[in-house]
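# Commentary on secondary and tertiary structure
Take a look at the letters that make up each chain.
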Amino acid sequence: MASSTTSAVTDLSAALVTTPVPLSDWLIILPIALCIGAGAVLMMMRHAIRHHATVAIAALFLLVLLDAALLWKVATDGPFTMVMGRWLPPFGIAFTADLTGALLSLAAAIVALAGAIHAGADIDASGRRYGFYPFLMLLMAGVTGAFLTGDIFNLYVWFEVLLISSFGLIVLGSTREQIDGALKYAVLNLIGTTLFLITVGYLYAIFGTLNMADIAQKATGLRETAPLMTLASLFALAFAMKAAAFPVNFWLPASYHTPRIVVSALFGGLLTKVGIYSLLRVMVMLFPVEREELSIVIAISAALTMVLGAMGALAQNDIRRMLGYIVISGIGYMMAGIAIGTPSGVTGAIFYALHSMVLMTALYLAAGHAARLGGGFSLTSLRGLYQQAPWFSALALALFFAGSGLPPFSGFWPKAVLVKSAIDIGAWWLAGAILASGFIATIAFGRIFLLCFWRPVAASTGQPSVPQASPSAAPSFAPLVGLTLLVVFFGLFPESLLNLSQQAAAGLGNPQAYIQSVFTEGGKP
């Protein structure tokens, strides 16, 4: 009897983490718990929608603080892991924070906070009643969980969480155009998600594990016998569809212009970046050899994505549609960094992802403010915005310069890093595609500024009426100012962000610290 008891105790200690979890390690799970908890509270407050904005903004402000503390801990102490249920890895579901995940989580929280503040002027009582703020909190739970998970099936789960909440956000308003856009968005994203799930099942059949650190360790030994190239190709296709890369990007311009402008801003800033993050994590950290074999395919897709996206933006007459193509073009730059695969190339991809999250959100918010001033999103009807709002016009011009990749704004530095990285490996044509797409984007942004801001209002016509009521201009303008200041600040002082991006890229390229955090901090000797 004593022997069986001893055996049971031994088995238990071999399966579970027995050491106490340090208090600081709870930082990795608190952002996700906060988002889910706040979303649940808001759903219970469905009869008190006047308080939804206050609760959501307070929760997102706290989320920014938690993610900032998480980034500080990772930057100071290195990656760390917390395993759910105290089960030892690789069997327990691990949450692992490294610099890449922590940086993107903080940027996502800042974007979501800006969107929640701006929503006071863009989301009416009907939108709040049908759950804008609960959907926003659940969207952030999915985005943050995807950035911080250390388990690839759990990554799929967080994809599902953010997709379900995004479905709810895109149909707020229930207009015919929104339902049409939501249908295209839902069907094509579900195809990508299904492909992701099938590939995860294929991965488990090969590796017998879903823990990313465990996969990174085992990949070298299985490379000669297992079909890892097929596996990597399927992951690349699934995540390219999520990121809206050519040729599987047709769902984005068909849907991003249909919801309310703050929803488009959140989508443009957040959703495609989760696909890029997944590509970075899987292709750079887990399957670097297969990424090298696929690099020419990824590079061609990147070049076509950035150039065709910029050309699509130039062809649009609606600002919202134009910004959807700018989102697509930006995806091409990040994929170029993944295709290059060198530390500097991955650095450029991470830096550009952080820049794009802030910039695209700000550009959509600026488009919404322009529509409130001028009565619509059409380039043929919008005019004279500089006469009405010179300070807003200056902010918009700064954002246009940043989107074009011109100094001294944040978009210049990652493009410069990517061009140099492409030249360093002899991919002159890829460097040329980066420069060409930037030139075309400059023309597209210049066209908007000349037609909508600089073109004067005809004396006999005046401005058309504003189609949307705005309870207060100041709250909706404040997040636009804040995001623009970030774009300007990291353009003038890029050293800190560039340094963090370099460290994050080094961690993806050499994941030993990541792996060690899982199998030592997770409790396994």
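Residues numbered from 1 in each chain as written. Predicted model: local features only at pLDDT ≥ 70, side-chain atom pairs only at ≥ 80, totals over all residues. Heavy atoms only, no water.

The number of helices and strands found in the protein chain is 22 helices and 2 strands. The C-alpha extent of the protein chain, read off along each of the three principal axes, is 95 × 60 × 40 Å. The proportion of buried residues among the 525 residues of the protein chain is 58%. In the protein chain, 81% of the contacts between residues at least 6 apart in sequence involve partners at least 24 apart. When the accessible surface of the protein chain is totalled, it reaches about 19900 Å², and 71% of it is carbon and sulfur. If you average the places of the 24 positive and of the 20 negative side-chain charges in the protein chain, the two averages end up 13 Å apart. (Helix = DSSP H or I, 4+ residues; strand = E, 2+ residues; numbered from the N terminus. Buried < 20%, exposed > 50% of the residue type's maximum accessible area, 1.4 Å probe, protein only. Contact = heavy atoms within 4.5 Å. Areas by Shrake-Rupley, 256 points an atom, 1.4 Å probe, with all protein chains shown as cover. Lys, Arg positive; Asp, Glu negative; His and termini not counted. Charge placed at Lys NZ, Arg CZ, Asp CG, Glu CD.)

This part takes up a nonpolar patch on the surface. A cluster of nonpolar side chains, contributed by Ile296, Val297, Ile300, Leu304, Leu308, Met311, Trp428 and Trp429, occupies part of the molecular surface with about 790 Å² of accessible area. Secondary-structure elements contributing two or more residues to the nonpolar patch are α13 (295-314) and α19 (428-454). Looking at which element gives the most residues to the nonpolar patch, the answer is α13, with 6 residues. With respect to the helices, strands and loops of the structure, Ile300 is situated in helix α13. For Ile300, a relative accessible area of 43% corresponds to the partly exposed category. (Patch = residues over 30% accessible without salt bridge, like charges linked within 9 Å, V, L, I, M, F, W, Y side chains within 5 Å. Salt bridge = Lys/Arg side-chain N within 4 Å of Asp/Glu carboxyl O.)

Further remarks concern the confidence of the model for the protein chain. Chain-level pLDDT for the protein chain is 86 on average; 92% of the residues reach the 70-or-more range. Confidence, expressed as mean pLDDT per element, reaches its minimum in the protein chain at helix α1 (residues 2-15) with 51 and its maximum at helix α18 (residues 412-424) with 94. Across residues 1-9 the pLDDT falls below 50, and counting only partners more than four positions away or on other chains, this stretch makes 0 contacts in the model. With pLDDT under 50 throughout, residues 460-472 is counted as low confidence; its partners more than four residues away or in other chains account for 24 contacts. (pLDDT = per-residue confidence, 0-100.)

Compared with the 28 Å implied by 1.5 Å per residue over 20 residues, the 28 Å span of α13 between its first and last C-alpha is a close match. Ser295, Ile298, Ala299, Ser301, Ala302, Ala303, Thr305, Met306, Gly309, Ala310, Gly312 and Ala313 are the residues of α13 that are buried. (Expected span 1.5 Å × (residues − 1).)

Bringing the packing of aromatic side chains into the picture now. Taken as a whole and assessed by the stated rule, the structure comprises 24 aromatic pairs. Ring centres of Tyr156 and Phe196 lie 5.9 Å apart, and the angle between their planes is 75°; this geometry places the pair in the edge-to-face category. Residue Tyr156 is located in helix α7 (residues 152-170), and its partner Phe196 is located in helix α8 (residues 176-207); the two are separated by 40 residues in the primary sequence. The pair Tyr156 / Phe196 is uniform in exposure class, with both members buried. (Phe/Tyr/Trp six-rings, centres within 6.5 Å; stacked < 30°, edge-to-face > 60°.)

Before going further, it helps to examine the packing of helix α4 (residues 99-122) against helix α15 (residues 343-374). As a packed pair, α4 and α15 sit with axes 9 Å apart at the nearest point and diverge in direction by 5°. By the angle between their axes, α4 is roughly parallel relative to α15. When α4 is examined against α15, the residues Thr100, Leu103, Leu104, Ala107, Ala108, Val111, His118 and Ala121 are found in contact with a partner set consisting of Ile350, Ala353, Leu354, Met357, Val358, Thr361, Leu365 and Arg372. When grouped by side-chain class, the residues that make up the contact of α4 with α15 number 12 nonpolar, 3 polar and 1 charged. (Axes fitted to C-alpha atoms, helices over the stretch in contact; angles between N-to-C directions. Parallel < 35°, antiparallel > 145°, perpendicular 65-115°, else oblique. Nonpolar A, V, L, I, M, F, W, Y, C, P; charged D, E, K, R; others polar.)

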